[in-house]
Amino acid sequence: MLVAGNWKMFKGPRETVEFLDSFEPPAGVDVVVCPPFVSLPAAVGRGVPVYAQSVHWAAEGAFTGEVSAGMLRELGVEGALVGHSERRQHFGETDESVRRRCEAALEAGLAVIACVGETEAQREAGETEAVLERQVAAIPFHDRLVIAYEPVWAIGTGKTATPEIAQEAHALIKALHDTQVLYGGSVKPENAAELMAQPAVDGALVGGASLEAESFAAICRAAVT
Ligand code: PEP
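All of these numbers come straight from a predicted model, not from anything done at the bench. (Residues numbered from 1 in each chain as written. Predicted model: local features only at pLDDT ≥ 70, side-chain atom pairs only at ≥ 80, totals over all residues. Heavy atoms only, no water.)

A.B. asks: Any chance you could explain the sheet that holds strand β1 (residues 2-6) here in plain terms?
C.D. replies: Whenever strands of a sheet pair, they do so through backbone hydrogen bonds, lying parallel or antiparallel. Ordered by their spatial adjacency, 8 strands build an open sheet running β2-β1-β8-β7-β6-β5-β4-β3, and the pairing between neighbours is parallel. With one partner strand each, in any of the chains shown, β2 (30-34) and β3 (51-52) form the two edges of the open sheet. Of the strands in this sheet, β5 (111-116), β6 (145-149) and β7 (181-184) touch helix α8 (residues 163-176), which is tilted by about 145 degrees from β7. (Pairing = 2+ DSSP bridges. Helix = DSSP H or I, 4+ residues; strand = E, 2+ residues; numbered from the N terminus. Contact = heavy atoms within 4.5 Å. Axes fitted to C-alpha atoms, helices over the stretch in contact; angles between N-to-C directions.)

A.B. asks: How should I be thinking about the pairing of β2 in this particular structure?
C.D. replies: In summary, the side chains of a regular strand alternate between the two faces of the sheet. Within β2, 4 of the 5 residues are buried, leaving the element largely enclosed by the surrounding structure. The pairing of β1 with β2 spans 5 bridges and is classified as parallel. Its bridge partner lying in β2, L2 is registered against D30. Once the chain exits β1 it traverses helix α1 (residues 13-22) before rejoining the sheet at β2, and the crossover so formed is right-handed. (Buried < 20%, exposed > 50% of the residue type's maximum accessible area, 1.4 Å probe, protein only. Right-handed = clockwise from strand over helix to strand, strands pointing away.)

A.B. asks: So what exactly am I meant to see when it comes to the environment of Q122 here?
C.D. replies: As for its placement among the helices and strands, Q122 is situated in helix α6 (residues 120-124). Distance from Q122 to I219, taken between C-alpha atoms, is 29 Å for residues 97 residues apart in sequence.

A.B. asks: Help me understand the packing of helix α7 (residues 128-137) against α8, please; the structure alone is not making it clear to me.
C.D. replies: For any two helices packed against each other, the geometry is given by the interaxial angle and the distance between the axes. Where α7 contacts α8, the axes come no closer than 10 Å and their chain directions differ by 40 degrees. One element, α7, and the other, α8, form an angle in the oblique class. Of the two elements, α7 crosses α8, and the hand of that crossing is right-handed. Contact residues: α7 offers E129, L132, E133 and V136, while α8 offers A169, L172, I173 and L176. For the contact of α7 with α8, the per-class residue count stands at 6 nonpolar, no polar and 2 charged. (Parallel < 35°, antiparallel > 145°, perpendicular 65-115°, else oblique. Left-handed = near helix turned anticlockwise from the far one by under 90°. Nonpolar A, V, L, I, M, F, W, Y, C, P; charged D, E, K, R; others polar.)

A.B. asks: Is there a simple way to think about the site of the ligand in this case?
C.D. replies: Contacts to the ligand come from 14 residues, most closely from K8, E150, G156, S186 and G207. Here an oxygen atom of the ligand and a side-chain polar atom of K8 are 2.9 Å apart. One nitrogen or oxygen atom from the side chain of E150 is found 2.7 Å from an oxygen atom belonging to the ligand. Within the complex, the protein chains bury 95% of what would otherwise be the 290 Å² of accessible surface of the ligand. Here the residues of the shell around the ligand sort into 4 nonpolar, 8 polar and 2 charged. (Near = heavy atom within 4 Å. Polar contact = N/O pair within 3.5 Å; in protein donor to acceptor, adjacent residues only side chain to side chain. Areas by Shrake-Rupley, 256 points an atom, 1.4 Å probe, with all protein chains shown as cover.)

Following this line, the structure appears as structure tokens:
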């Protein structure tokens, strides 16, 4: 089981240190945190592996605002999220750019959590399977890569996929790509155990509930079977 905390654009270096000083990851589960870029140096070396929230495909160059895999490795960062739906929705991330970011990160030695998931409109139109097939087809196979299924309608909305919906989507993804699949979308201490008890759910990608050390620790404990 892997539980990853995506802090999005929350927590500068000071709050990052405060969080990690008070956070006790339980034994028996792999835990990572994904702070904003500026907080990565403060997070590294505090007992929890650190992933970035994105990574560029080039080693260096004229890409204002971006950060390369080599730069992250130099800091001691161990992995990166790629293709989070907020990047797809607000920053023009495409299946092709997701593929390029994944490949560069893996090549540089980072681990990757590659995110996929359908919007509410796509689910209502019966397109979930086609969307997941298209998104998953862009993701390379690698033993350092796991996929996160994050239905867009469940992210930050308080609407969690039922365990049955999660199980069905995870089983589909696993049939396409033989890897661990994390569930993400309003995971909380109250629903984490039931979601992670599904046979095709291999952990969780947690946004809002990862911002508070105690609630994130409770979710991590729910992953210990
Ligand atoms: C996320 O940011 O990946 C996420 C799933 O957010 P939340 O848990 O807040 O829905």
